[in-house]
Structures are given as C-alpha cells and as structure tokens.
Amino acid sequence: MTVGTRARRPHVHATGAASTAVRPLLDAPRRAARVLAAFPAGAYLQVRTDREPSVIALLAPGATRLPNAVLLAGEPPRLTVGDDASVGDGAVRLGRLSLRASRWWDPAPPLGEADPAALREAAAGLTPGEPALAGEPAVELLAAGCASGRLLDVLTAAERLVGLGPGLTPSGDDVLAGLMVTLRLLGAATGAGRAVWLADWLAATVTYDARTRTTPLSATLLHCAALGQASPEVAAVLRALTGRGPLEPALRRLHGLGHTSGSDLAQGIGIGARSVLSFCPSGSFRSREYA
C-alpha cells in the first residue's frame, strides 16, 4: 500500500510598524477575524470582538496611514473579501502569513503648547475644499453649536451626521472625526479646557451606537478620533495651525485623501478650530468658510 503525503508549505513570517491604537487587539488572546475589504494597497480585517478598534488596516508602504493600521514592510498579500484570519497573541495571521509588530507609532502625538493669537492667524488660511456635505443643515447646526458652545445643538447635529453618506467612511463620520480630533488636540494645546470638555461629550455621543449606524471601518475610525487619533495628514494640518509647519501643503495633502474624505475631514477641522478659538480667553474667531 502506498501512502501519499504532501509537504506543508512553511509559514511566512513578516514584521511591520503598528499603531498603538491596535496594540490591545494584538496583545489580547487570539480571536477570529475576516477580510472586510481588499485592495491593491492593503486590506481591512474585522475582528470578532466587542471592543474597539474592531477593524485593523493592513497597509503597504505609501498607503494612507490610518490610525488603526499595521504598516507592512513590503507589498500586502493577495486577499479576497471573506478570507479567514486571526488577530491576537502578538500577531496577525492570514493563511501562511504571520505578521508581528516590530515597532510602534503614536496616532495621537501631542501638539505641544500653542498661542491662541498665532492659531487665529493660521486658521484664517484654512480652506474647506469641496466637502460632500456643503450646505447640509446638520453640518451648519454643528458649526453654530460648536462656535456658541450650545451643547444640545452640537449633540443633536452629531446624531444626525453619524453614518450620513455612502462609502466605507461616510462623509458625516469624516466631518465628526476631524472635529473631535481638533477639539481634543488643539484644545489641549491652547489650554481651552472647554473644547476638550466638548470633545468628551461628542465622543460619548458619537461612539455610543456607532457600530449599528455606520460601517465597521468608520465606527472604528470614529472611536479612534474620539481619543484624538488620526492619520498623519490630519495631524500635519493641526501642527501647521500651531505654527509647526506650513499650512498650504498640509491642506493639499489632506484634500487629496479619497474622493471627498479629505475635504470632509478638513471641514470638521475648520469647525473645531473655530470652536477652540471661541473658547480661548483672547476672544472669538470668525470664518466665512465654516460658518
């Protein structure tokens, strides 16, 4: 009798640079996951967990570095939506690939101290691009509520915006993400405690039922934004507003994200900057672009 045998193909071990936002998932016990979306520059994995982040982005060099990402050293594996995976025990496993983090990066680096007067001058150069929700009543209510500090208007508008729009990251979510990051980071940088307080309220409202109201990826990104975590393109604009870099090229890179995602994020940043300045002791800020 002849017994056929087939040699098992060896596992491929790889390393990458991971966001500290996904460290709890990687360090936790191993959990099942599946490929949520696959594209040439990477893939999104949805992990079976009740916690956030529940989606991890595996991204090739040069891809937009989302705050929930693991950055690969080379090209991503060829994946199909629905492929099985697992995350935990220190690694992401996809078929024969075992990926571990060899270094970490912070998706919410502090901005340092910022002068409100300098911020006011820099914020005059903010341009909204072409946001998908220009003229949307909920965005106008959000901007007015943030500028005046009317919490009820802010939260009412936020409830209307969660999940509003098509795509993996609806425009309403992008506006809210840009706003929350700006309120938290610029508020801390300028000592505008009221802005951070408003960010806390927005975070609680937006993340409460995000999983049932928007896409899995966008829900994760909203949870990240609630903690002040964002892509480098958003962080670069905020640094420029505090005088730590040129604003125009940072805005240009931000506006280039996605179809309208960059402009939607910029719209949220503009609303947030206006709000932060209105809370600063030195006075209020007015901008026709974001009114």
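Before reading further, recall that the structure is shown in the block above.
Residues numbered from 1 in each chain as written. Predicted model: local features only at pLDDT ≥ 70, side-chain atom pairs only at ≥ 80, totals over all residues. Heavy atoms only, no water.

S.K.: Now, about the pattern of salt bridges: what can you tell me, with residues and values included?
M.R.: Summed over the entire model, instances satisfying the criterion amount to six salt bridges. For R211, the salt bridge is made with E52, and the minimal N-O distance between the two is 2.8 Å. On the criterion of sequence distance, the pair formed by R211 in helix 7 (residues 210–213) and E52 in the loop between strand 3 (42–47) and strand 4 (55–59) is long-range, its members being 159 residues apart. Classification of R211 by relative accessible area gives partly exposed; the value is 37%. The class of E52 is partly exposed, set by a relative accessible area of 23%. Measuring nitrogen to oxygen at the nearest pair gives 3.9 Å for the salt bridge that ties E248 to R252. A residue pair is termed a helical-turn pair when its members lie 3 or 4 positions apart in one helix, as E248 and R252 do in helix 10 (residues 247–255) at four residues. Per residue, the accessibility class of E248 equals that of R252, and both read exposed. (Salt bridge = Lys/Arg side-chain N within 4 Å of Asp/Glu carboxyl O. Helix = DSSP H or I, 4+ residues; strand = E, 2+ residues; numbered from the N terminus. Buried < 20%, exposed > 50% of the residue type's maximum accessible area, 1.4 Å probe, protein only.)

S.K.: With reference to specific residues and values, describe the side chain of D174.
M.R.: Secondary-structure assignment places D174 in helix 5 (residues 171–190). Summary of buried charges: D174 has no salt-bridge partner, and the nearest side chain of opposite charge, R213, is 15 Å away. Those residues in contact with D174, other than ones at most four positions away along the chain, are T169, S261, D264 and L265. (Lys, Arg positive; Asp, Glu negative; His and termini not counted. Contact = heavy atoms within 4.5 Å.)

S.K.: So what's going on with empty space enclosed by the protein? Which residues, and what values?
M.R.: Under the definition given, this model contains one cavity of 30 Å³ or more. Size it by volume and the largest cavity reaches roughly 40 Å³. Split into classes, the residues belonging to the lining of the largest cavity amount to eight nonpolar, one polar and no charged. (1 Å grid on protein atoms, 1.4 Å probe; cavity = no way out; pocket = protein on both sides within 12 Å on 5 of 7 lines; lining within 4 Å. Points joined across faces, edges and corners; volume = space filled by probe spheres on them. Nonpolar A, V, L, I, M, F, W, Y, C, P; charged D, E, K, R; others polar.)

S.K.: Run through the sheet that holds strand 7 (residues 91–94), naming residues and quoting values.
M.R.: If you walk around this closed barrel you meet the eight strands as 1-5-4-3-2-6-7-8, and the pairing is mixed. Going across the sheet, the axis of each strand differs from the next one's by a mean of 30°, ignoring polarity. Summarising the sheet, strand 1 (residues 12–19) and strand 8 (residues 97–105) pair through eight bridges and their orientation is parallel. Considered in strand 8, the bridge of H13 is made with S98. Lying on the sheet, helix 8 (residues 216–226) is in contact with strand 2 (31–39), strand 3 and strand 4; it crosses strand 4 at an angle near 95°. (Pairing = 2+ DSSP bridges. Axes fitted to C-alpha atoms, helices over the stretch in contact; angles between N-to-C directions.)

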